[in-house]
Amino acid sequence: MGRQPEVLWAQRSDKIYLTVSLPDARDVLVQSQPQGVFQFSAVGAQGELFDFNLELYDTTVPEASKTKIGMRNIICSIKKEKKAWWKRLLKSEEKPAPYIKVDWNKWCDEDEQSDISDSFASDDENNGGVDDDDTDDDGLLYLPDLEKARGK
């Protein structure tokens, strides 16, 4: 058994995003099975083996899942069989392994999903999965607004 890379996860009602932080990975092998078993293995920059297996919360559709290998990470978009929000990533109710963390850059709550762009891009190409073309700044104040607030 090899080492485990950091794994960040987020979800939408129809898919799970897993981002495996492993720069310059080689020989990447990703397998997803319908019963919700996810397997990953790769060789790191110094030749060390990284691998892990996850038993996901519910069933998935492997044929509709995608993997994108970037320079710094591997992003997996895993299609859920049933469109629903999962209570957690893993089937087990125990606390997940320390290498599994929430991806706050891709995370959205159920009520926010319609507002979020659903781009499947690597962190190498844009800012944490946030769509740069999106001009809706969701409440950010700019200098002109501050000047109005001060009465100028």
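Only a predicted model underlies this, so the values are computations on that prediction, with no experimental measurement involved. For every chain, the first residue of the written sequence is number 1, and numbering continues from 1 along that sequence. Per-residue local features are limited, in this predicted model, to residues with pLDDT of at least 70; the limit for side-chain atom pairs, both in listing and counting, is 80 or more; totals at the level of whole chains, interfaces and linings are taken over all residues. Side-chain figures throughout are based on the complete set of non-hydrogen atoms in the structure, without hydrogens or water.

Novice: A description of the sheet that holds strand β7 (residues 73–79) should follow, citing residues and the corresponding values.
Specialist: Only when DSSP finds a minimum of two bridges between them are two strands counted as paired. Only runs of H or I of at least four residues qualify as helices and only runs of E of at least two qualify as strands under DSSP, and these elements are numbered from the N terminus. Read from one edge to the other, the open sheet built from 5 strands follows the order β6-β7-β2-β1-β8, with strand pairing classed as mixed. Of all strands in the sheet, those bounded by a partner on one side alone are β6 (66–69) and β8 (100–102). Each adjacent strand pair in this sheet contributes to an overall mean axis angle of 20 degrees, direction not counted. Bridging between strand β1 (residues 6–11) and β8 involves 3 bridges; their strand directions are parallel. Its bridge partner lying in β8, L8 is registered against K101. Axis geometry follows a simple rule: fit a line to the C-alpha atoms, using only the stretch in contact for helices, then measure angles between N-to-C directions, giving values from 0 to 180 degrees.

Novice: Can you tell me about the packing of aromatic side chains, naming the residues and giving the values?
Specialist: In this description, a pair of aromatic rings is defined by centroid distance and the angle of the planes. Between 30 and 60 degrees the pair is tilted, below 30 it is stacked and above 60 it is edge-to-face, where a pair is any two Phe, Tyr or Trp rings, Trp via its six-membered ring, whose centres lie within 6.5 Å. Summed over all chains, the structure comprises 6 aromatic pairs. Relative to F52, the ring of F38 lies with its centre 6.0 Å away and its plane at 35 degrees, an arrangement referred to as tilted. Here the residue F38 occupies a position in strand β4 (residues 37–43), and F52 occupies one in strand β5 (residues 49–55), the gap between them amounting to 14 residues. Here F38 and F52 have matching classes, each one buried. When the centroid spacing of 5.9 Å and the interplanar angle of 55 degrees are considered together, the rings of F52 and Y99 count as tilted. A residue pair is termed long-range when its members are at least 10 positions apart, and F52 in strand β5 and Y99 in the loop between β7 and β8 qualify at 47 residues. For every residue, the accessible area (1.4 Å probe, protein chains only) is compared with the maximum for its type, and the residue is labelled buried under 20%, exposed over 50%, or partly exposed between those bounds.

Novice: Give me a negative patch on the surface: which residues, what numbers.
Specialist: Patches here: salt-bridge-free residues with over 30% relative accessible area, like charges joined within 9 Å, nonpolar side chains (Val, Leu, Ile, Met, Phe, Trp, Tyr) joined within 5 Å. Each accessible area is a Shrake-Rupley estimate made with a 1.4 Å probe; only the visible protein chains count as cover when residues are assessed. Counted as salt bridges are all cases of a side-chain nitrogen of Lys or Arg within 4 Å of a carboxyl oxygen of Asp or Glu. Just so you know, the count uses Lys and Arg for positive and Asp and Glu for negative, and it drops His and the chain ends. Taken as the charge location is NZ of Lys, CZ of Arg, CG of Asp or CD of Glu. Where like charges cluster on the molecular surface, the negative patch consists of D109, E110, D111 and E112. Relative to the helices and strands, E110 is located in the loop between β8 and α1 (143–150). When its relative accessible area of 55% is taken as the criterion, E110 is described as exposed.

Novice: Outline the sheet that holds strand β3 (residues 26–32), listing residues and values.
Specialist: On the basis of which strands lie adjacent, the open sheet formed by 3 strands has the order β3-β4-β5 and antiparallel pairing. Two strands bound the open sheet, and with one partner strand each, they are β3 and β5. On average, each strand axis in the sheet is tilted by 5 degrees relative to the strand beside it, whichever way the strands run. Relative to β4, β3 is paired through 5 bridges, and the arrangement is antiparallel. Bridge pairing links L29 to S41 in β4.

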